[in-house]
Amino acid sequence: MARGLKPPRVASRCLLSLLMLESCWLLGCASQKPTILADSQLPLQEYAHSIRLDGDIILGGLFPVHARGERGVPCGELKKEKGIHRLEAMLFAIDLINKDPELLPNVTLGARILDTCSRDTYALEQSLTFVQALIERDGSDVRCANGDPPIFAKPDKVVGVIGASASSVSIMVANILRLFKIPQISYASTAPELSDNTRYDFFSRVVPPDSYQAQAMLDIVTAMGWNYVSTLASEGNYGESGVEAFVQISRDTGGVCIAQSLKVLREPKPGDFDKIVLRLLETPNARAVIMFANEDDIRRILDAAKRNNLTGHFLWVGSDSWGSKISPVVQQERVAEGAITILPKRASVDAFDRYFKSRSLSNNRRNVWFAEFWEENFVCKLGMHGKRPGSPKKCTGLEKVGRDSTYEQEGSAGTPVTFNENGDAPGRYDIFQYQINNQSVAEYKVIGHWTNQLHLNVDAMQWSTGDPSLPPSVCSLPCRTGERKKVVKGVPCCWHCERCEGYHFQASEFTCELCPYERRPNKNRTSCQAIPIIKLEWHSPWALLPVFISVLGIIATTFVIVTFVKYNDTPIVRASGREMSYVLLTGIFLCYIITFPMIAAPDVAVCSFRRIFLGLGMCFSYSALLTKTNRIHRIFEQGKKAVTAPRFISPASQLVITFSLISVQLLGVLVWFIADPPHTFVDYGEQRTQDPGNARGVLKCDISDLSLICSLGYSILLMVTCTVYAIKTRGVPETFNEAKPIGFTMYTTCIIWLAFIPIFFGTAQSAERMYIQTATLTVSLSLSASVSLGMLYMPKVYIIIFHPEQNVPKRKRSFKAIVTAATMTSKLSQLAAERPNGEVKTELCEGVEANVPPTKTTYVSYTNHAM
């Protein structure tokens, strides 16, 4: 035996059971005092395997003096603690009662104690002794050799039975005793089945049922953070009922899953325990093993784990059959280290310690198994007939318990004995852990207790690894923040961790939910947060270029307007059509100005300006240009038919026509304002990227692509119509009109807007949509304005400033002369395709010289002619 190891403490529960049983008898559970026969009246061999004490009242006793035998042998090796120690506790209790003159005056207790050999079938055979006195024997057909009727020796009448230890044994015996209404009180049977008062109405116990024990063990497992465990039971009522109670409670409460439920057969074969250990290893994450097994099976399981080099792997949780016993862990201290066990609360009885330590071969002859215990306890041999033939040491008889061998009692004294309506004692447990201290001394250390709820001192626990943290026994590790558990079907404690992807957040342990549209998951995906709102900033490169172009355009337009105002009465300004020029320049200025409200932070005022001026600048420009080109076209078309001027070509008429065209745009904007008042909104779809971290809400005005098309559509229609007229008037001489500059302006503008359309609408799905579309639109408007400004007005401003000598009044020409010149030019164009170069020119020039006097290049203003 390892140094410092202490044997399990001896039970004095038997004293409590005995007292309760005697109380039951005095209250009438047994009503007849039995007839006592002398020892000489019974054959001696009848008591060879039992203890018999004479008395007025005979109590039965069932103890597992021997372990279960192997290979057909009923009984095996001697069990010191669970057998001899508990048996002696009953004898000690009987002695105390018989010596007490007040407890049972004039009544002597006797006993008939049997060995169950830890086997239910064997115990059943033995327990028939208790009911023999109650069975009538029919001797009418039996005669002695001399013809006299036989005389039967009447057996002892047992009024109550103490025992048994194993639940399977108690159940088997209880089924017989209840037929004869013999009370039975167990000191160790804890199977929940025995709580059934309808089947076991004569059975009680001074220990709580396994349902309490199972609850206590489940509470321990839960407190340790273990949710994936295996169970191991010895075949029989105790083991199977205990595991069944544990499984049922764990299923009802949830949180703990059973990886495997294994069973040790009553008659295990060689190698069975190795197979069990290897089976447990098939679920390596289920390190915790809940054991409802008898002492022998526990020892052999630990031995198998040791043989298979699994020391430190399993986390044993033992029931009260393990408790604080030394026998299961002898020479297996390392593999048992860290085991957590429970045992009903107990207190030592000092008087029993003195009694048991004083027992010897000479003063304890009433215990027929004491000599065998002596050999086992002191590892010696008693003469030739000793039961340890291989022992080299011979017993002297002078050995002393507690001096020459280790001894420690198991007890539950000091607590009141009470039963509930099912005959069960209340649940009160001490919780132990088997620890090896720094001096390599192994011992059971109390780490808590359970009385309807768990009280566990986790800090007092220690493990073989030396790590103070609790070892795991879980199927799956906890998921990280932002991950949900996808539970494996049928095994709620096993799961796969799945990341909450996209815009989903971890709503609960098992679910991911989609954030509201305007929100995104936070960094650890435990909740949703508002998506940041952005707008086009002035410092952005997408804004700097349009603003730069716009500022240059505004400066240039302002310069042209100031120049025209300053030289308002000069020929060039007058020839350009002052009124229409100012309208056109206003439109060009508005095209540049619209850049600023398009980039400014959206609000109601900004959105209102965008609606008004987005198409208004182009409308001003192209209404004026359309009116000009239409006037030129009508003049020369009319000139081909007659010498009279067409109607509505005066400046006032031109202004009326122009503003009529502009009013259509303004009317459309007004209807838009009434039908859908301007407001802002946040577009969360434009920059809703796959990575929520990059998602942004874009603050916008409520101008959809369709609204934009409608707003610019009218201006584009004017632009296209103006281009058509520019094409029709392309043949008019340069000296008479602005048709060609207007034509070039319109051709270039069309190219700009044809490029705008695919760029603007082609980037609708881009994450940079807001920036690209805003920049494209504002730059297109600025370029359109720049083309008009550059081709129509810069040449005039150049002459006004740098060549003032050309800005002088010229001779007015009549409408007829203008039309004649235009007609000759038209004919020249027609003949050029029919005759060689030079011929046409000579012919036409001669005709012109005969009718028109030679002149210098002249800027002709159609407004100077009376039409």
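All chains use their own residue numbering, which begins from 1 and follows the written sequence. Only residues with pLDDT of at least 70 are given local features in this predicted model, and only at 80 or more are side-chain atom pairs given and counted; all residues enter the totals for whole chains, interfaces and linings. Remark: hydrogens and water are excluded; side-chain values derive from all non-hydrogen atoms of the structure.

A. Examining the overall build of the protein more closely. Think of it this way: any DSSP run of H or I at least four residues long counts as a helix, any run of E at least two long counts as a strand, and we number them from the N terminus. Scanning the protein from N- to C-terminus turns up 24 helices and 25 strands. For the exposure calls, accessible area comes from a 1.4 Å probe over protein chains only, and a residue counts as buried if that area is under 20% of its type's maximum, exposed if over 50%, partly exposed in between. Among the 867 residues that make up the protein, the fraction classed as buried is 51%. Surface accessibility of the protein: about 40700 Å² in total, with carbon and sulfur atoms responsible for 57%. Using a 1.4 Å probe, the Shrake-Rupley method yields the accessible areas, and only the shown protein chains count as cover for residues.

B. Layout of helix α19 (residues 705–728). For a helix, the expected span equals 1.5 Å multiplied by the residue count minus one. With 24 residues, α19 extends 33 Å from end C-alpha to end C-alpha; this agrees with the ideal 34 Å at 1.5 Å per step. Throughout, bend refers to the angle between the axes fitted to the seven residues that end at a position and the seven residues that start at it. Of all the bends in α19, the greatest, near 35°, is centred on G713. The complete set of buried residues in α19 reads S707, L708, S711, L712, Y714, S715, L718, M719, C722, T723, Y725 and A726.

C. Region of interest: the packing of helix α18 (residues 651–675) against α19. For the pair α18 and α19, the least separation of the axes is 10 Å and the interaxial angle reads 175°. With respect to their mutual orientation, α18 and α19 come out roughly antiparallel. Taking contact as the criterion, the partners of L661, V664, Q665 and W672 in α18 are, on α19, S707, S711, Y714, S715 and L718. Residues were grouped as follows: Ala, Val, Leu, Ile, Met, Phe, Trp, Tyr, Cys and Pro as nonpolar; Asp, Glu, Lys and Arg as charged; and all remaining residues, including Gly, as polar. Each residue belonging to the contact of α18 with α19 can be placed in one class, and the counts come to five nonpolar, four polar and no charged. Interaxial angles span 0 to 180 degrees and are taken between N-to-C directions of axes, which are lines fitted to C-alpha atoms, for helices over the stretch in contact. What sets the label is the angle itself: under 35 degrees gives roughly parallel, over 145 gives roughly antiparallel, 65 to 115 gives roughly perpendicular, and the rest give oblique. Contact criterion: two residues are considered in contact whenever any of their non-hydrogen atoms come within 4.5 Å of each other.

D. The packing of aromatic side chains, seen in detail. When the centres of two rings from Phe, Tyr and Trp lie within 6.5 Å, Trp using its six-membered ring, the rings pair. Their planes under 30 degrees apart give stacked, over 60 give edge-to-face, and anything left gives tilted. Taken as a whole and assessed by the stated rule, the structure comprises 23 aromatic pairs. Relative to W374, the ring of F370 lies with its centre 5.8 Å away and its plane at 55°, an arrangement referred to as tilted. Taken as a pair, F370 and W374 lie in helix α11 (residues 370–378) at a separation of four residues, close to a single helical turn. Among the residues examined, W374 registers a relative accessible area of 0% and is labelled buried.

E. Local environment of helix α5 (residues 210–223). For α5, which comprises 14 residues, the first-to-last C-alpha distance of 19 Å matches the rise-based estimate of 20 Å (1.5 Å per residue) to within 8%. For α5, the complete set of buried residues consists of D210, Q213, A214, A216, M217, L218, I220 and V221.

F. The pattern of salt bridges, seen in detail. Counted as salt bridges are all cases of a side-chain nitrogen of Lys or Arg within 4 Å of a carboxyl oxygen of Asp or Glu. Per the stated rule, a full pass over the model turns up 27 salt bridges. A salt bridge links R52 to D54; the shortest N-O distance between them is 2.3 Å. On the basis of relative accessible area, D54 is assigned to the partly exposed category, the value being 42%. Bridged by salt links that share partners, the residues E70, D297 and R300 form one connected network.

G. View of the confidence of the model for the protein. Values of pLDDT, ranging from 0 to 100, describe the predictor's confidence in every residue of the model. The predicted model of the protein has a mean per-residue pLDDT of 81, with 83% of residues at 70 or higher. Between residues 1–47, whose pLDDT stays under 50, and residues either more than four places distant or in other chains, the model counts 122 contacts.

H. Summary view of the sheet that holds strand β2 (residues 57–63). Strands are treated as partners if at least two bridges between them are detected by DSSP. The strand order β1-β5-β2-β6-β7-β8 describes an open sheet built from six strands, whose pairing is mixed. Strand pairing shows two members of the sheet lacking a second neighbour, β1 (50–53) and β8 (203–205), which therefore form its edges. Across the sheet, the axes of successive neighbouring strands diverge by a mean angle of 20°, strand direction being ignored. As judged from the three bridges shared by strand β7 (residues 184–186) and β8, these two strands associate in the parallel manner. Considered in β8, the bridge of I185 is made with S204. Here helix α3 (residues 120–131) sits on the sheet and contacts β2, β5 (109–115) and β6 (158–162); the angle it forms with β5, its principal contact strand, is near 155°. Strand contacts of helix α4 (residues 167–177): β2, β6, β7 and β8, with the helix running at about 170° to β7, the strand carrying the most contacts.

I. Examining unusual backbone geometry more closely. For the peptide bond that leads from G163 to A164, omega is 5°, which places it in the cis range. By the secondary structure assignment, A164 is in the loop between β6 and α4. Within the chain, K181 stands out as a residue other than glycine whose phi angle is a positive 55°. In this structure, K181 sits in the loop between α4 and β7. Non-glycine residue N309 carries a positive phi angle of around 55°. By the element assignment, N309 lies in the loop between α8 (295–307) and β12 (315–318).

J. Up close: the pairing of strand β18 (residues 491–499). Where strand β17 (residues 483–488) and β18 come together, six bridges link them in antiparallel fashion. Paired with R484 across the strands is E498, a residue of β18. Counted along the chain from β17 to the antiparallel partner β18, the turn is two residues long, and its residue G490 has a positive phi close to 85°.

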